[in-house]
Amino acid sequence: MLRQTWVLRNGRALSLRRDLGHSVTAVWKSSCQRASLHNTAGTADLTEPVRNHAPSFTSIAHTAPFPKRTHTCGSLSPADADKHVVLQGWLVPKGKVSKKLSFFGLRDSYGSTQLVVDSRTCGAEVLTAMREIPDESTVLVEGIVRQRPESQQRDVPAGYVEVVVKSFTLLNPADRSMPFMPFDAQNLANEDLRLRYRYLDLRRAELTSNLKKRSDVAFLVRSTLHEQGFTEVETPVLLNSTPEGAREYLVPTRTKQSPSDVPSQPLFYALSQSPQQPKQLLIASGAVDRYFQLARCFRDEDGRKDRQPEFTQVDLEMAWVSWGKLEGQASADSDTWRIGGHEVRDVVETIIRKIWKKVEGVELEERFRVMTYNEAMAKYGSDKPDLRFGFEIQDLTSSLPQPLREALEAKGEILEALIVSRESEDSPFARAAPAIEYAKSVECLEIKQGTGSDWINQSLIVKDILSATSSTFNASELSRTLGLTERGTVWLSRRPRRPEGGWTPLGRLRLALSEAAQRNGNLVLSYAPKFLWVTEFPLFTRADEDKEFLAHGRWSSSHHPFTAPMYEDIADMYAGRVEEVRGQHYDLVLNGVEVGGGSVRVHDVAMQEFIFSNVLQLTTEEKASFNHLLHALRCGAPPHGGFAFGFDRLMAILCKTTSIRDVIAFPKTAGGSDLLFKSPSPSTAETLAQYSLKPF
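Residues numbered from 1 in each chain as written. Predicted model: local features only at pLDDT ≥ 70, side-chain atom pairs only at ≥ 80, totals over all residues. Heavy atoms only, no water.

Draft legend 1. Representation of the overall build of the protein chain in the model. Scanning the protein chain from N- to C-terminus turns up 20 helices and 27 strands. Of the roughly 34,300 Å² of accessible surface on the protein chain, 50% is carried by carbon and sulfur atoms. (Helix = DSSP H or I, 4+ residues; strand = E, 2+ residues; numbered from the N terminus. Areas by Shrake-Rupley, 256 points an atom, 1.4 Å probe, with all protein chains shown as cover.)

Draft legend 2. Layout of helix H2 (residues 124-132). Along H2, the residues that are buried comprise Val126, Leu127, Ala129 and Met130. One side of H2 carries all its buried residues, which in axial view fall inside an arc of 165°. Contacts from the buried residues of H2 go to strand E6 (84-98), strand E7 (101-108), strand E8 (111-118), helix H1 (119-122) and strand E10 (161-172). (Buried < 20%, exposed > 50% of the residue type's maximum accessible area, 1.4 Å probe, protein only. Arc of directions from axis to C-beta. Contact = heavy atoms within 4.5 Å.)

Draft legend 3. Highlighting the nonpolar core. Membership of the largest hydrophobic core comes to 68 residues, with the highest contact counts inside it found for Ile352 and Leu588. Among the elements that make up this core, the one with the highest residue count is helix H7 (residues 342-360) (seven residues). Beyond its immediate chain neighbours, meaning those up to four positions away, leucine 588 contacts Val348, Ile352, Phe368, Phe531, Leu532, Trp533, Val593, Glu594, Val595, Gly596, Phe643 and Phe645. Among the nonpolar cores identified, the runner-up in size contains 24 residues, and Cys73, Leu87, Phe104 and Val161 belong to it. (Core = buried A, V, L, I, M, F, W, Y, C linked by side-chain atoms within 4.5 Å.)

Draft legend 4. Quick peek at the side chain of aspartate 572. Locating aspartate 572 in the fold gives a position in helix H15 (residues 570-574). Exposure remark for aspartate 572: the relative accessible area of 16% places this residue in the buried category. With near-sequence residues (within four places) excluded, aspartate 572 lies in contact with Arg577, Glu580 and Val581.

Draft legend 5. A look at the confidence of the model for the protein chain. Chain-level pLDDT for the protein chain is 86 on average; 86% of the residues reach the 70-or-more range. Averaged pLDDT values over the elements of the protein chain bottom out at 30 in strand E4 (residues 36-39) and peak at 98 in strand E11 (residues 231-232). Of the regions scoring below 50 in pLDDT, residues 1-54 engages in 103 contacts with residues more than four places distant in sequence or in other chains. (pLDDT = per-residue confidence, 0-100.)

Draft legend 6. Local environment of the sheet that holds strand E9 (residues 138-147). Reading around the barrel, the five strands line up as E6-E7-E8-E10-E9 and close back on themselves, with mixed pairing between neighbours. Ignoring which end each strand starts from, the neighbouring axes of this sheet average 50° apart. Sheet analysis places E6 next to E9, joined by seven bridges and oriented antiparallel. Each residue of the ladder has a partner; that of valine 86, found in E9, is glutamate 142. (Pairing = 2+ DSSP bridges. Axes fitted to C-alpha atoms, helices over the stretch in contact; angles between N-to-C directions.)

Draft legend 7. Here's a closer look at the pattern of salt bridges. Evaluation of the coordinates by the stated rule reveals 41 salt bridges. For the salt bridge of arginine 120 with aspartate 118, the shortest nitrogen-to-oxygen distance reads 2.8 Å. Its relative accessible area of 62% is what places arginine 120 among the exposed residues. Here aspartate 118 falls in the buried class, since its relative accessible area comes to 11%. The closest approach of N and O atoms between glutamate 227 and lysine 354, which form a salt bridge, is 2.8 Å. (Salt bridge = Lys/Arg side-chain N within 4 Å of Asp/Glu carboxyl O.)

Draft legend 8. Examining the packing of helix H5 (residues 205-227) against helix H19 (residues 647-654) more closely. Packing of H5 against H19 leaves a shortest axis separation of 10 Å and a crossing angle of 120°. When the axes of H5 and H19 are compared, the pair comes out oblique. In terms of crossing hand, the pair formed by H5 and H19 is right-handed. Note on element contacts: H19 touches H5 through Phe647, Asp648, Met651 and Leu654, opposite Lys213, Arg214, Val217 and Ala218. Of the residues belonging to the contact of H5 with H19, the class tally is five nonpolar, no polar and three charged. (Parallel < 35°, antiparallel > 145°, perpendicular 65-115°, else oblique. Left-handed = near helix turned anticlockwise from the far one by under 90°. Nonpolar A, V, L, I, M, F, W, Y, C, P; charged D, E, K, R; others polar.)

Draft legend 9. The arrangement of unusual backbone geometry in detail. Following serine 679, the chain continues into proline 680 via a peptide bond in cis, with omega recorded as -5°. Tracing the chain through its elements places proline 680 in the loop between H19 and helix H20 (685-690). Phi at phenylalanine 391 takes a positive value of approximately 55°, unusual for a residue other than glycine. Along the chain, the position of phenylalanine 391 falls in the loop between helix H8 (373-380) and strand E18 (394-395). Since its relative accessible area comes to 14%, phenylalanine 391 is described here as buried. Residues other than glycine seldom take positive phi values, yet serine 692 does so here, at roughly 60°. By secondary structure assignment, the location of serine 692 is in the segment after H20.

Draft legend 10. Molecular detail of the sheet that holds strand E17 (residues 369-372). Strand order in this open sheet of eight strands is E11-E15-E16-E27-E26-E25-E22-E17, and the pairing throughout is mixed. Pairing within the sheet leaves two strands with one partner each, and these edge strands are E11 and E17. Bridge analysis of E11 against strand E15 (residues 290-298) gives two bridges, and the strand direction is parallel. Paired with threonine 231 across the bridge in E15 is tyrosine 291. Contacting E15, strand E16 (310-319) and strand E27 (640-646), helix H6 (residues 276-285) crosses the sheet at an angle of about 20° to E16.

Draft legend 11. Geometry of the environment of glycine 488. Looking at the secondary structure, you find glycine 488 in strand E21 (residues 488-496). We classify glycine 488 as buried; its relative accessible area is 8%. As for glycine 488 and alanine 430, which are separated by 58 residues in sequence, their C-alpha atoms are 9.0 Å apart.

Draft legend 12. How the structure looks around the pairing of E9. With respect to burial, E9 is a largely interior element, seven of its 10 residues being buried. Where E9 lies against E10, 10 bridges are found, and the strand directions are antiparallel. For valine 141, the partnering residue across the bridge sits in E10 and is phenylalanine 168.

Draft legend 13. Representation of the environment of aspartate 546 in the model. By the secondary structure assignment, aspartate 546 is in the loop between strand E23 (540-541) and helix H14 (548-551). Classification of aspartate 546 by relative accessible area gives partly exposed; the value is 37%.

Draft legend 14. Region of interest: the packing of aromatic side chains. Under the defined criterion, the tally for this structure stands at 17 aromatic pairs. Centre to centre, the rings of tryptophan 337 and tryptophan 533 are 5.3 Å apart; their planes meet at 90°, and the pair counts as edge-to-face. Of this pair, tryptophan 337 sits in the loop between E16 and H7 while tryptophan 533 is found in strand E22 (residues 531-535), placing the two residues 196 residues apart along the sequence. Here tryptophan 337 matches tryptophan 533 in class, with each residue buried. Connected via pairs of aromatic rings, a cluster forms that spans Trp337, Trp533, Tyr586, Phe643 and Phe645. Lying over the aromatic face of tryptophan 555, arginine 542 brings its terminal NZ or CZ to 4.2 Å of the ring centre. Its guanidinium or amino end placed over the ring of tyrosine 527, lysine 656 lies 5.6 Å from that ring's centre, counting from NZ or CZ. (Phe/Tyr/Trp six-rings, centres within 6.5 Å; stacked < 30°, edge-to-face > 60°. Lys NZ or Arg CZ within 6 Å of the ring centre and 35° of its normal.)

Draft legend 15. Layout of the pairing of E7. Counting buried residues in E7 gives seven out of eight residues, a clear majority hidden from the surface. Relative to E7, E6 is paired through seven bridges, and the arrangement is antiparallel. Among the inter-strand pairings, leucine 91 is bridged to a residue of E7, identified as leucine 106. Here E6 hands over to E7 after two residues, the two strands then running antiparallel side by side. Across eight bridges, E7 lies against E8 in antiparallel orientation.

Draft legend 16. Region of the structure containing the environment of lysine 448. Of note, lysine 448 is situated in the loop between strand E20 (443-447) and helix H11 (460-466). Lysine 448 sits 39 residues away from arginine 487 along the chain, and the two C-alpha atoms are 4.7 Å apart.

Right, here's the structure in full:
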């Protein structure tokens, strides 16, 4: 049976199908007449007249039945040679070889197939029509698969074959004035334009691959947790506002306060910062022993390349989580994991090992390295150190002359240094140094040959430590120890002996030198995964600027207010030595990026109330927002703990991109704006009035 595929061109009807074994003649008639197709098998008439106002061929979408797709563009292989196939996808021009031959690409979300359009095979009218189709139009193609010449074969999906086109159907033509062409990787549009037309940007193979990989990893996470006995539970998104540490998004509601003696006030939901309270309540209920979900979370934070107002985390919580090892208990681990939560650690490492084996083909170590917060801050100046390069910070305090050492001890401070000695002066960090601007609290000293014993006396930091005294020191022994007897560079900084926050000044400098060396091409960091657990964080802090809007000078929780103290430090907490209390908080770090964090929770209601009232000094109103949680603890909640992966950050690492926007289908800008859906946006006074709100 002969089938025709009809398209319109310049107001005339034209058949573009040529079936083997039939002689086909296209008969052109005026736009006011019927068009007919003659062939040796018979005549087919169009039942509707082609009208004068009919649109041109390249502006008409196909709105009639069409053949079913037999293969995807990325699935063809040499095993399909000589098969008749039907493909659907977006048409991308590759090049005109001659008057009678052109190559095209046909792309779908599975890959791309090369099309060979030869007028000797499909007819001159098909070749001419395909050349006129706008780029990025959707088409249906029928043809025969053949193996590509060996020199043209590519090790990519469908890279060993091509399809010789017999016929095509234009399903939907693309606008010729598209804002940019997704296939043009050499002239990539700026990010704002691509975010405004995200549905076009997602056609890029890179983003298509990222979304597919994200789906695969999500499936693997779910499967692994189900195997580990976890139950997936969805928790509310609309909750009440609570002082947990992050800024919230408020959602107005038309519901009003009910008491008649109180003036009517608008009521608000708060979008969930995280499922922290619901998941703890699930465990307290006893209905779920091990909980997880891929949770949507919302935080009104300042924009960064690794933050979004709404994001996804792999959230989990477990009952019966330990509070550390019993005294004298043998341990199979030789690391410094001295807190509770071993059960959580085992699950998290299992998930990560499976992901890296499946996605990256890498077998990770059986146990990830563990480092305390104090060690990380001392060696690397960061609570999320990148272990792919050395260049460790050195504490000079114990090697300093006695008067200087005593002055530092009296102030509760230490003197740290980053050092590039003569032996390492050709290091990438030495070559990157001239391009770096460092904090005012950091001092750079260039040590020239012959002055190796006097550099410490030139330091303004040292002079400031000693205040009014005018002592001079011989630093020969210190210089020999540091390898500075001839020449080198020293960056000095003083800081409190007890570290606080996430960075020290030299920690930021260390990272800046590494980034500059990478930009210069002098340092290439491996993608090899260096996983690290950081533990024993300070339980409370006054050094987190992001939480100061809630703290107002009070202590705030380094993690969140439900994190348990290390049992060795409980007495210090009750005695008021808040700054000495370490928490059972654990962060998982990969190559300088925090990919997740968790903690053992407080299950003792008296301890939780003490933290709220005596340490965090919450007001009565602030504490009231946690009454339901306190009551759940009072009703016999088991010891419990949990963890949450930042799923977007994890996927950015797996997809080898520096921005999480590249792994989210519809992301927002760094400033939190959605350029595609034009949000956030103002509302009308009439709409606001429904919520008892007024515009400014």
